[in-house]
Amino acid sequence: MEENLKITCLHDSHVALGAKMSPFAGYDMPIQYSGIADEHIAVRTKVGMFDVSHMGEIFISGPDAERFVNHIFTNEIRGFRPGKVLYGMMLYPDGGVVDDLLVYREFEPDHFLLVVNAANIDKDRQWILDCAAGYEVDVDDMSEAWGQIALQGPEAEKVLLEVTGLDKAAELGFYEYMESEWGGLRMIVSRTGYTGEDGFELYASPDAIRDLWERFLKAGVKPCGLGCRDTLRFEAGLPLYGDELSADISPVMAGLSMFCKLDKEEFIGKEALVKQKAEGVERKLVGIELQDNAIPRAGYPVETEGGTEVGVVTTGYHSISLDKSICFALVDSRYSALGTPLCIRIRKKVFPGITVKKRFYQTNYKK
């Protein structure tokens, strides 16, 4: 293991299970166990679980908590009840993305949980603190005190109930959560995930997460690495910060304006997004399906049929579920309409394709 890498509370289990480990977001993380395709198919057809304890948990509370979170978050949190979860972004004033995240409205008044990307924890915490000037709020980064398991797949509900006895979890709708306890300590169970399948994310203390992980293993749940987490989220059309969203790729460019409520009175970056919507943007994110089995990797050039370079691949795979070569690409907006012929240059060869919807796979969430 490289020096200075952090480890999650499940690291010993990953090593004992023979996982292929690799640095990710400053952590030593499992990339695969039995193989990316095998794990991918398990999540699509049965159930798999992921160690996502590297994600960040930042709690915001205080008299101004709702007003403050609404100020730094693109989605609208006013009016949504406790027990609900919202997806959205924190933006820079120019519309670039600080991070995409989940906001949990807690059952205790004026309390919110922000779940942020592992690679951005330090940056996000500092951004939130800098923005908090003038607001009566407490910002508490509890990332080190929480572990997290993502249980995903069509059999996730059945397994969760059998292993934990949390029958109320079956009543949760998509993007809802419940509070419980495990080992006498607080646990959060949400019907959320990053795979396109039904599933749950469980937040608890490191000891509780280790116990739950072992119980799921004994129940036959397949452990899955970050390799198939990426192939699954990609097929489902879900963005990855740093690839499809960044300080240089706004939600408008990424086609995620529906998570930015421009009818809100204000939020950081709103004016920039309003301008982008009105005037258009130079680049847009598209899906591309290739006519060949060649694999379009991140960084490969996107060209017109005439050979003019008009964009770059952000994520690409030969889809395990669909048996097609597909990719996300950031291209000149003039070439972003559905059905536009575009080519991917892979080394010295050019492979023809066509723009398609970014959600390549039909998701199976429980609404």
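Before any of the text, the structure's been laid out above.
A brief structural summary.

Reading the values: rules and limits
Residues numbered from 1 in each chain as written. Predicted model: local features only at pLDDT ≥ 70, side-chain atom pairs only at ≥ 80, totals over all residues. Heavy atoms only, no water. Core = buried A, V, L, I, M, F, W, Y, C linked by side-chain atoms within 4.5 Å. Buried < 20%, exposed > 50% of the residue type's maximum accessible area, 1.4 Å probe, protein only. Helix = DSSP H or I, 4+ residues; strand = E, 2+ residues; numbered from the N terminus. Contact = heavy atoms within 4.5 Å. Pairing = 2+ DSSP bridges. Axes fitted to C-alpha atoms, helices over the stretch in contact; angles between N-to-C directions. Salt bridge = Lys/Arg side-chain N within 4 Å of Asp/Glu carboxyl O.

## Quick notes on the nonpolar core
Among soluble globular proteins, nonpolar side chains are generally buried collectively.
Then comes step 1: Counting 40 residues, the largest nonpolar core has Phe50, Met89, Tyr104 and Leu245 as its most contacted members.
Then comes step 2: Mapped by element, the contributors of at least two residues to this core are strand 5 (85-91), strand 6 (97-105), strand 7 (111-116), helix 7 (226-235), helix 8 (251-254) and strand 17 (325-332).
Then comes step 3: The element that contributes the greatest number of residues to this core is strand 5, accounting for four residues.
Then comes step 4: With sequence-adjacent residues up to four places away left out, Phe50 is seen in contact with Val43, Gln148, Ile149, Ala150, Gln152, Thr195, Trp213, Cys224, Gly225, Cys228, Arg229 and Leu232.
Then comes step 5: Counting residues in each nonpolar core, the second largest holds 28 residues, with Met178, Leu212, Phe216 and Val221 among its members.

## A closer look at the sheet that holds strand 17
By definition, the strands of a sheet pair up through backbone hydrogen bonds, in either a parallel or an antiparallel sense.
Then comes step 1: Spatial strand order, 14-17-16-15-18-19: six strands in a closed barrel with antiparallel pairing. Each strand of the sheet is rotated relative to its neighbour by a mean of 45 degrees, with strand direction disregarded.
Then comes step 2: Pairing of strand 14 (residues 283-290) with strand 17, which is carried by seven bridges, proceeds in the antiparallel orientation. Paired with Arg283 across the two strands is Asp332, which belongs to strand 17.

## Description of the sheet that holds strand 3 (residues 48-51)
Then comes step 1: Taken in spatial order, the six strands make up an open sheet running 10-11-12-9-3-13, and their pairing is mixed. Each having just a single partner strand, strand 10 (177-182) and strand 13 (222-224) make up the two edges of the open sheet. Across the sheet, the mean angle separating the axes of adjacent strands is 25 degrees when strand polarity is ignored.
Then comes step 2: As paired strands, strand 9 (residues 147-152) and strand 12 (residues 199-204) are joined by six bridges and run antiparallel to one another. Bridge pairing in strand 12 links Gln148 to Tyr203.
Then comes step 3: Against the sheet, helix 6 (residues 206-218) makes contact with strand 3, strand 9, strand 10, strand 11 (185-190), strand 12 and strand 13, and its axis sits at roughly 25 degrees relative to strand 9, the strand it touches most.

## Focus: the pattern of salt bridges
Pairing is possible between side chains that carry opposite charge, provided their charged atoms lie close to one another.
Then comes step 1: This model, assessed by the stated rule, comprises 23 salt bridges.
Then comes step 2: Across the salt bridge formed by Glu289 and Lys324, the nearest N and O atoms sit 3.7 Å from each other. Taken as a pair, Glu289 in strand 14 and Lys324 in the loop between strand 16 (309-318) and strand 17 lie far apart in primary sequence, 35 residues in all.
Then comes step 3: On the accessibility criterion, Glu289 (26% relative accessible area) is partly exposed.
Then comes step 4: Residue Arg334 is joined to Asp332 by a salt bridge in which the shortest nitrogen-to-oxygen separation is 2.8 Å.
Then comes step 5: When salt bridges with common partners are traced through the structure, they connect Glu157, Arg191, Asp198 and Lys366 into a single cluster.

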